[in-house]
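Observations on the three-dimensional arrangement
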Amino acid sequence: MPLFILRRILQSFNVLFVMSLLVFAGVYAIGNPLDLLVDPNATADDMARAAASLGLDQPLWVQYGRFLANAMRGDLGNSFIHGVPALGLIVERLPATLELAVVAMLIAVLLGIPLGLWAGLKPDSWTGRAIMAGSILGFSLPTFWVGLMLIMVFAVQLGWLPASGRGSTADVLGVSISLLTADGWRHLLLPAANLALFKLSLIIRLTRSGTREALLQDYVKFARAKGLSNARVVGVHVLKNILIPIVTVVGLEFGSLIAFSVVTESIFAWPGMGKLLLDSITQLDRPVVVAYLLLVVTLYVLINLVVDLLYAALDPRVRLAGARA
Amino acid sequence: MSETSPPPATSPAEADVERPLRRLVRMYAESRVALFGLALLLAIVLAALLAPWLAPQNPYDLIQLDMLDGRLPPGSASGDGRLTYLLGTDEQGRDMLSAILYGLRISVGVGVVATLLALAIGMALGLAAGYFGGRFDAILMRIADIQLSFPSILVAMILLALFGQGIDKIVIALVAAQWAYYARTTRSAALVEGRKEYIEAARLLGLSTPRILFRHLLPNCLPPLIVVAALQVAAAIALEATLSFLGLGLPVTEPSLGLLIANGFQYLYSGRYWISVFPGVALLLLILAINLVADQLRDVLNPRLQSQ
Amino acid sequence: MNAQRDPTLVVDRLTTRFVGRRGAVTAVDDVSFSVAPGEVLGLVGESGSGKSMTGFSILGLVDPPGEIAAGSIRLKGRELSDLSAREWRALRGDRIAMIFQDPMMTLNPVLRIDTQMIETVRAHRRISSNAARELACDALARVGIPSPDERLRAYPHQLSGGMRQRVAIAIALLNAPDLIIADEPTTALDVTIQAQILFEMQTLCRESGTALIWITHDLAVVAGLADRVCVMYAGRIVEQGSTAQVLETPAHPYTRGLLDSTPAANVQPDEAGRTQPLRQIPGMAPSLNELPAGCAFRPRCTRVSDLCQQVPPEVELAPGHVARCFHPLPAAQGVKS
């Protein structure tokens, strides 16, 4: 088992390295940040001085070497626009994004599994069909458009919830969290629901098809033949089996929630790192883009690692194979 | 069950083309929802293709626009009384219905072209990987795995951040974000089919590799690919709309549905919902129709369900 | 063993139907039989003959759109066909237990053996989990599983197929049921393990007075195990009687055909020292949704006549030996009452 973990960690570093190379090459090789940063009427001398101060006059591989060495120390360069360390800028915004993603995933899981179970147990009932129709719709609705509709209905028409911003936050160990204030919750609800919708549809589908598949299995029939209550057959025998793929997917999809929060954050003006990324892309603020990408890639690699370990913990068959390996 | 005759050397796809096709059509037609989806899809695509003839005005011919007609609610008459703005107008006095029809053209076009390109590239790579195996297969699938572990919106965003805007750029970004799905699907189908007896028979008959690949292996890999492609067209259209909405995708000169929605966003707060809601509804119907068709195709083409 | 005790189970004119969009399919058609305490009844038929569905009907486990359309099932005198879902559940696993065909599929892969055994006890009796665990341990020991305490903590995939089937049998025995329905429980196992399990099941049921219905397609298994045999074809019982009656003097042409196609029946060399080649029943077992009217075996039968277009009545050829045929085979005809 430790060997297995070690190998996975090495693999993860590999992915990180390749991604850093790709990201750097792409971001630094194409486009010219000087055009954006320096007054177009500046002299060639001014341009050269600005380029030198930003290190842009060096050959690419020198730039990358410096970039990598600095990255190891957590220094991904200063933002061209804000003039402060790019990584710090991103990390500052991380809690807001994580908060949004976690609440969205909780909504998706806590609603999705029961709804999916119901639809799987009663596929021909009108409720089961309605749940499935809802999930097909949830798949078809583009996230950004749902965001607009939420704002239109709940913020503009009904005036129940605020349409933008994060509201008041409370500090825990220097990290601002919305979840601790009522106002924070009011601000969080719409964006979280928006972000959750797609995952909710996914979890409903997954749970439903898993349930239907499990119900056909002999072990379910055997469990019923043992005289177990429906609650136990569904709640233990079926659920424990379908939970394995669901946990895997939930884990892997958490990363995509962070990526998709770019959309939700830009609609609801949620001050997370997705919005920062978007601004940085349009302003050609490369260090911030690079810092975002590397941070997200690191998060992904970590999530993948955790999911692998969780999977092994949940499925006795994998656990055994892992122990043998 | 006693099978006495040896399995025929022709591939199942070549023999008996007419009857399975008819059966598929019948199975597809069993679902009324799926038929509705197909009708809706055909209607939308037709409307998009015929936009120049269907649209009340050319929304991008500035001479036809009247700034005085700006932000009129649905059903208003134009200032000169010559036409009625069924779905209202935007801030420049542009008829929303016309803008949507033209926008659909761009959205559908970009989605379909990107999907076909990604399909062609992914299919070729996947087929080769599945048939030849070895190092090429291992490396290709490793790349696909890494890429698929990141959501396509992230991949596309990175590429657009690098390339900048433009219709060609977004097609490249969409293809780059989606080729791996096809490569994966084709490879696994090719692996399964490649082990079957008819491929072995074709090899023994001394058929050339390209002939085996394209005449025998490929047709039998098609069903899962069709399903994936159908779902991915919807994904591509949604992705393009999202990117354009964020201001990363198409330039203002190519106003797809996503861009129209983004334009109307600011007016949402003042209750002028039509500028962004109607393009959104059009986008939703388009994606929904494709998904309904794709869902039924998956059921119809799924060999596991066919036997039941 | 044909003691005249009150039968454990009496099935009378049981009919189970599946109503689909394309009409109804009768999976179990007018089936009657009984099983006495400690008796082993072999229920023989090809796949699709309705033998498994008969078992599920007795257990109240027919999934919709299937339903018991007619007939009665009485367990120790108690009518089951009109039980509520709750009453059925109380009965299943307690008074009637079932063992399935494939031991690889019947145990839940993600639950430990102890969980799956203890829940079976606790679904029917209010006892502590420790006491239930003791019972589980005893049951495992009884079916011949070494170091049962250790096995209780295992997951199913850590056990061999034969071991898993023993666990399934132990689960069936846990609550000392009146009746066990075993649906081809040895088909998926090695021949040696098959023989062991057959022998153990027989002994366990004899000792405890549990009635046993053994569903199988294999007449050879029935010959060594069952006291009485029912042969099913296309949802109907075409012949039943004591094992000796059915196997030695088969009356229904289908039973005859089955016997002829069993390898064991041909092992005896004839006078010239040759073994006979296997004979096959011509044609294929019919699909239940396109059964011919009258006797369903008619298209494959060598003794067919116009009469066979009617549903044949049950004819008692000897005490306890009944066949549903207009033209029973002559070997048995002499003893017609």
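As the structure is a computational prediction, the values presented were derived from the model and not from experiment. (Residues numbered from 1 in each chain as written. Chains lettered and ligands numbered in written order. Predicted model: local features only at pLDDT ≥ 70, side-chain atom pairs only at ≥ 80, totals over all residues. Heavy atoms only, no water.)

Overview of the overall build of chain C
Looking only at helices and strands, one finds twelve helices and twelve strands in chain C. By its C-alpha atoms, chain C is 65 × 50 × 40 Å across when sized along the principal axes. The buried share of chain C, taken over its 337 residues, is 53%. Within chain C, contacts between residues at least 6 apart in sequence are counted, and of these 63% link residues at least 24 apart. As displayed, chain C has an accessible area near 15000 Å², and 50% of this comes from carbon and sulfur atoms. Put simply, chain C has 34 plus and 36 minus side-chain charges, and the middle of one group is 4 Å from the middle of the other. (Helix = DSSP H or I, 4+ residues; strand = E, 2+ residues; numbered from the N terminus. Buried < 20%, exposed > 50% of the residue type's maximum accessible area, 1.4 Å probe, protein only. Contact = heavy atoms within 4.5 Å. Areas by Shrake-Rupley, 256 points an atom, 1.4 Å probe, with all protein chains shown as cover. Lys, Arg positive; Asp, Glu negative; His and termini not counted. Charge placed at Lys NZ, Arg CZ, Asp CG, Glu CD.)

Digging into the sheet that holds strand β9 (residues 228-233) of chain C
All names here are of chain C. Ordered by their spatial adjacency, eight strands build an open sheet running β6-β7-β8-β3-β9-β10-β12-β11, and the pairing between neighbours is mixed. Of all strands in the sheet, those bounded by a partner on one side alone are β6 (96-99) and β11 (314-318). Going across the sheet, the axis of each strand differs from the next one's by a mean of 20°, ignoring polarity. Here five bridges tie strand β3 (residues 40-44) to strand β8 (residues 211-216), and the two strands are oriented parallel to one another. The partner of Val44 across the bridge, within β8, is Thr216. Sitting on the sheet, helix α1 (residues 51-58) touches β3, β6, β7 (179-183), β8 and β9, and the angle it makes with β8 is about 150°. Most of the contacts of helix α8 (residues 191-208) go to β8, to which it runs at about 155°, and overall it touches β3, β6, β7 and β8. (Pairing = 2+ DSSP bridges. Axes fitted to C-alpha atoms, helices over the stretch in contact; angles between N-to-C directions.)

Digging into the interface of chain A and chain B
At the junction of the two partners, chain A supplies 38 residues and chain B supplies 36 residues. It is A:Phe144, A:Trp145 and A:Leu148 in chain A that bury the most area against chain B; as a group they hold 18% of the surface buried on that side. For the interface between chain A and chain B, the tally reads one salt bridge. Here B:Asp295 makes a salt bridge to A:Arg205, at a shortest N to O gap of 3.2 Å. Along the contact surface separating chain A from chain B lie one residue pair in polar contact (both at pLDDT 80 or more). Among the secondary structure elements, those contributing two or more residues to the side of chain A that touches chain B are α1 (2-29), α6 (126-140), α7 (143-157), α8 (182-215), α10 (230-268), α11 (273-282) and α12 (286-314) of chain A. Partitioning the side of chain A that touches chain B into residue classes produces 30 nonpolar, six polar and two charged. (Buried area = accessible area lost by both parts, 1.4 Å probe. Salt bridge = Lys/Arg side-chain N within 4 Å of Asp/Glu carboxyl O. Polar contact = N/O pair within 3.5 Å; in protein donor to acceptor, adjacent residues only side chain to side chain. Nonpolar A, V, L, I, M, F, W, Y, C, P; charged D, E, K, R; others polar.)

With respect to the pairing of strand β1 (residues 9-20) of chain C
Residue and element names in this part refer to chain C. Here eight bridges tie β1 to strand β4 (residues 66-75), and the two strands are oriented antiparallel to one another. Directly across from Arg17, in β4, lies its bridge partner Glu67. Where β1 and strand β2 (residues 23-35) come together, nine bridges link them in antiparallel fashion. Its bridge partner lying in β2, Leu9 is registered against Val35.

Brief notes about the interface of chain A and chain C
On the chain C side, the residues contacting the 22 residues of chain A number 28 residues. Of the roughly 2400 Å² buried at the junction of chain A and chain C (both faces included), carbon and sulfur atoms supply 60%. Contact with chain C buries area across many residues of chain A, yet A:Lys221, A:Phe222 and A:Lys226 alone supply 27% of it, more than any other trio. At the junction of chain A and chain C, the tally comes to four salt bridges. Where chain A packs against chain C, one counts 13 residue pairs in polar contact (both at pLDDT 80 or more).

Examining the side chain of C:Lys51
Residue and element names in this part refer to chain C. Along the chain, Lys51 falls in helix α1. On the basis of relative accessibility, which here comes to 4%, the residue Lys51 falls in the buried class. Of the polar contacts made by the side chain of Lys51, one reaches the backbone oxygen of Gly45; its length is 3.3 Å. Setting aside residues no more than four positions away along its own chain, Lys51 makes contact with Leu43, Val44, Gly45, Glu46, Glu184, Ile215, Thr216, His217 and Met232.

A short note on the pattern of salt bridges
Should the charged atoms of two oppositely charged side chains come close, the side chains can pair. Taken as a whole, this structure holds 26 salt bridges over all chains when the rule is applied. The partner of B:Asp137 in a salt bridge is B:Arg187, with the nearest N and O atoms 2.6 Å apart. Here B:Asp137, found in helix α5 (residues 134-148), pairs with B:Arg187, found in helix α7 (residues 167-194); they are 50 residues apart in sequence, far enough to count as distant. Judged by its relative accessible area of 10%, B:Asp137 is buried. The closest approach of N and O atoms between C:Asp114 and C:Arg112, which form a salt bridge, is 2.9 Å.

Observations regarding the sheet that holds β1(C)
Ordered by their spatial adjacency, four strands build an open sheet running β2-β1-β4-β5 (chain C), and the pairing between neighbours is antiparallel. Across the chains shown, the open sheet's two edge strands, defined by having one partner strand only, are β2 and β5 (78-79) of chain C.

A look at the confidence of the model for chain C
Averaged over every residue, the pLDDT of chain C is 82; the share at 70 or more is 91%. Scoring of the predicted complex yields 0.78 for pTM and 0.83 for ipTM. (pLDDT = per-residue confidence, 0-100.)

Remarks on a negative patch on the surface
Residues and elements named next belong to chain C. A grouping of Glu134, Asp138, Asp149 and Glu150 is seen on the molecular surface, where their side chains present a negatively charged patch. Mapped onto the negative patch, the elements with two or more residues apiece are α5 (129-142) and α6 (148-152). Tracing the chain through its elements places Glu134 in helix α5. (Patch = residues over 30% accessible without salt bridge, like charges linked within 9 Å, V, L, I, M, F, W, Y side chains within 5 Å.)

What about unusual backbone geometry?
Residues and elements named next belong to chain C. At Arg13, a residue that is not glycine, the phi angle is positive and equals roughly 50°. Structurally, the position occupied by Arg13 is in strand β1. The exposure class of Arg13 is partly exposed, given its relative accessible area of 49%. A positive phi angle, near 55°, is found at Asp30, a position not held by glycine.

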